[in-house]
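# What the coordinates show
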Amino acid sequence: MSGLFFKNIIEVSRLLRNRKISSFELVQQALKRIRELEPNLNAYIKIMDQEALQQAKLADHEFAEGHYRGPLQGIPIAIKDIFETKGIVTTAGSKVLSHWKPTRDAIVVRKLRAAGAVIIGKTNLHEFAMGATTENPHFGSTHNPWNLSKIPGGSSGGSAVAVATGTCYGALGTDTGGSIRLPSSLCGIVGLKPTYNLIDRLGCVPLSWSLDHIGPMSRTIDDCALLLQAIADSKTLNQKHLNVSLENIATIDTQTIKIGICQNYFFKNVEDDIQMMIEQAELDLEKLGFHFVDIKIEGIEKALNAQKIISKAEAYVIHRATFVKHPDYFGEDVRYRLQSGAKVMAYDYIQAQRVRRVFVQNVKDAMRNCDLLLAPTHAITPFDIGERGAEESITNIFELGKTPIGNILGFPILTIPCGFLSNGLPVGMQLIGKPYSEALLLSIGKIYEAAHDWINYYEKNKAYLKSEGISK
């Protein structure tokens, strides 16, 4: 059974459908694995033992009756504890909501259930998703599985760690400045921030209404595509003629694809070893037939400043009522962020949104001669847990990741693993597409993944996890 933890969803789904294994047994073993690893990782806030086992029994019954929902049926999936779950506490990583039991499921949770997925647990996160480290003062810090002294990235750090360590076959996260992509990169998995309105955000505790995205996190591109297909808004998929089915992924002619490289910003202040990894990935993609062109994007610094203003202003509005009455309910770094947001004037917010609109058009113009961009996902070695203070929480994501630009754009961005540094930590690269180009990004990711045998990535590197004493 232990060998199944790092198989892809299609392989495990086939075993379930053919009754070679049962979902109940699979979930039992996954729960056992979570209990073994959690003391070192702290990836979960809520382990949904009884609920998951009941869902597994239902999946097995449906298999026996010949009722097949799809490849996610009976598969253990984790969700960030920012999504509403009916009758089950949803904390958003905060003391403020520590007793809140929603009366509904979030849309994405409802869609996962409809696909037959087993929700095995709710993962840890930076409080209210307001940070890049997943150091949580209320539920404890989540640890990077490749080096337990390091942060896993955030805010969806728990989801990334759960996927990377094989306690689930995929997870959902949110991304407002890089919160799917940064932890995915730091933990060595695949993460997708889709086009802004491709996934319905109803039932997701907001951080910033105009910057929040929901997306899948997984070990392989195929698994990412399956999760995206399950949670995406079907009406939008049809309107945009977007086909993210496995049959449509990787059916591209690499010779016709141009990948842009923007040196200003994306390759500035990147550690040498990480830069070398990205440059090697570029060479590898060239060997696969892709062509590269240099581009320049105007106004990046102004856009990044606008992103900061928009994010903290919207966050303050969302939390103002509770924050004014009970500031002590919030962690120190979140208090600092909200205090900063309270100082944003209406003029500054409106001007930031105007800067945003101009910048989006600048990027569209710059990308006229290419189909997508390639860039590092993270720029520096992750911090040690406890290394950064509360006042640095606002700027951490801008130092760690080359990710915030993606949220002010609202364009789809895929991060995929591209190797290990000499210290054993993984590196990821971003593929930044035009609106509704998820199928293209997944196709390129799959071609690259296949060329590097990333499907066996975790099995090949399991020894490092074992050396930390957390892999069985």
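I will try to describe carefully the structure that is included in this document.

The rules behind these values
Residues numbered from 1 in each chain as written. Predicted model: local features only at pLDDT ≥ 70, side-chain atom pairs only at ≥ 80, totals over all residues. Heavy atoms only, no water. Phe/Tyr/Trp six-rings, centres within 6.5 Å; stacked < 30°, edge-to-face > 60°. Helix = DSSP H or I, 4+ residues; strand = E, 2+ residues; numbered from the N terminus. Buried < 20%, exposed > 50% of the residue type's maximum accessible area, 1.4 Å probe, protein only. Pairing = 2+ DSSP bridges. Axes fitted to C-alpha atoms, helices over the stretch in contact; angles between N-to-C directions. Contact = heavy atoms within 4.5 Å. Expected span 1.5 Å × (residues − 1). Parallel < 35°, antiparallel > 145°, perpendicular 65-115°, else oblique. Left-handed = near helix turned anticlockwise from the far one by under 90°. Nonpolar A, V, L, I, M, F, W, Y, C, P; charged D, E, K, R; others polar. Disulfide = S-S within 2.5 Å.

### Overview of the packing of aromatic side chains
Applying the stated rule across the entire model yields four aromatic pairs. Both rings, one in phenylalanine 128 and one in phenylalanine 330, keep their centres 6.0 Å apart while their planes meet at 40°; by these two values the pair is tilted. Residue phenylalanine 128 is found in the loop between β3 (118–123) and α5 (157–164), and its partner phenylalanine 330 is found in the loop between α10 (300–325) and α11 (332–342); the two are separated by 202 residues along the sequence. On the basis of relative accessibility, which here comes to 3%, the residue phenylalanine 128 falls in the buried class. Seen from their ring centres, phenylalanine 323 and phenylalanine 330 are 5.6 Å apart, and the 75° between their planes marks the pair as edge-to-face. Phenylalanine 330 carries the same exposure label as phenylalanine 323, and that label is buried. Aromatic ring contacts, followed pair by pair, group Phe128, Phe323 and Phe330 into a single cluster.

### Some points on the sheet that holds strand β11 (residues 426–433)
Ordered in space as β1-β3-β2-β4-β6-β5-β10-β11-β9-β7-β8, the 11 strands form an open sheet in which the pairing is mixed. Each of the sheet's edge strands pairs with one partner strand only, and the pair in question is β1 (44–47) and β8 (291–294). Taken over all neighbouring pairs, the strand axes of this sheet differ in orientation by 30° on average, direction set aside. As defined by bridge partners, strand β2 (residues 76–80) adjoins strand β4 (residues 171–175) across two bridges and the pair is classed as parallel. The partner of isoleucine 79 across the bridge, within β4, is leucine 172. Contacting β2, β3, β4 and β6 (213–218), helix α4 (residues 107–114) crosses the sheet at an angle of about 175° to β2.

### Observations concerning the environment of aspartate 348
The residue aspartate 348 is located in helix α12 (residues 346–366) in this model. Given the relative accessible area of 32%, aspartate 348 is considered partly exposed. Considering only alpha carbons, one finds aspartate 348 and isoleucine 310, 38 residues apart in sequence, at a separation of 8.8 Å.

### Describing helix α7 (residues 221–231)
Within α7, 10 of the 11 residues are buried, leaving the element largely enclosed by the surrounding structure. Taken residue by residue, α7 has Ile221, Asp222, Asp223, Cys224, Ala225, Leu226, Leu227, Leu228, Ala230 and Ile231 as its buried positions.

### Describing helix α9 (residues 272–287)
Under the 1.5 Å per step criterion, the end-to-end length of α9 is 23 Å for 16 residues, consistent within 8% with the ideal 22 Å. Among all positions of α9, only Ile274, Gln275, Met277, Ile278, Ala281, Asp284 and Leu285 are buried. In the core, the buried residues of α9 are packed alongside β7 (258–261), β8, β9 (372–376), β10 (413–420), β11 and α15 (438–451). Of the residues flanking the end of α9, it is glycine 289, one or two places downstream, whose phi is positive at about 110°.

### Describing the environment of histidine 99
Its location among the elements puts histidine 99 in the loop between β2 and α4. With 231 residues separating them in the primary sequence, histidine 99 and phenylalanine 330 have C-alpha atoms 15 Å apart.

### Observations regarding the side chain of glutamine 275
You can see glutamine 275 is positioned in helix α9. Residues contacting glutamine 275, with those up to four places away along its chain left out, are Phe267 and Val270.

### What about the packing of α4 against α7?
Axis separation between α4 and α7 bottoms out at 8 Å; the angle between their running directions is 110°. Taken together, the axes of α4 and α7 lie roughly perpendicular to each other. Classified by chirality, the crossing of α7 by α4 is right-handed. Contacts between α4 and α7 pair Val108, Lys111 and Leu112 from the former with Leu227, Ala230 and Ile231 from the latter. For the contact of α4 with α7, the residue count by class is five nonpolar, no polar and one charged.

### Structural notes on the state of the cysteines
A complete count under the given rule lists zero disulfides for this structure. Here cysteine 262 is not disulfide-linked; the sulfur of cysteine 370 is the nearest cysteine sulfur, at 9.6 Å. In this structure cysteine 418 is a free cysteine whose sulfur lies 15 Å from that of cysteine 187, the closest cysteine sulfur available. Given a relative accessible area of 8%, cysteine 418 falls into the buried group.

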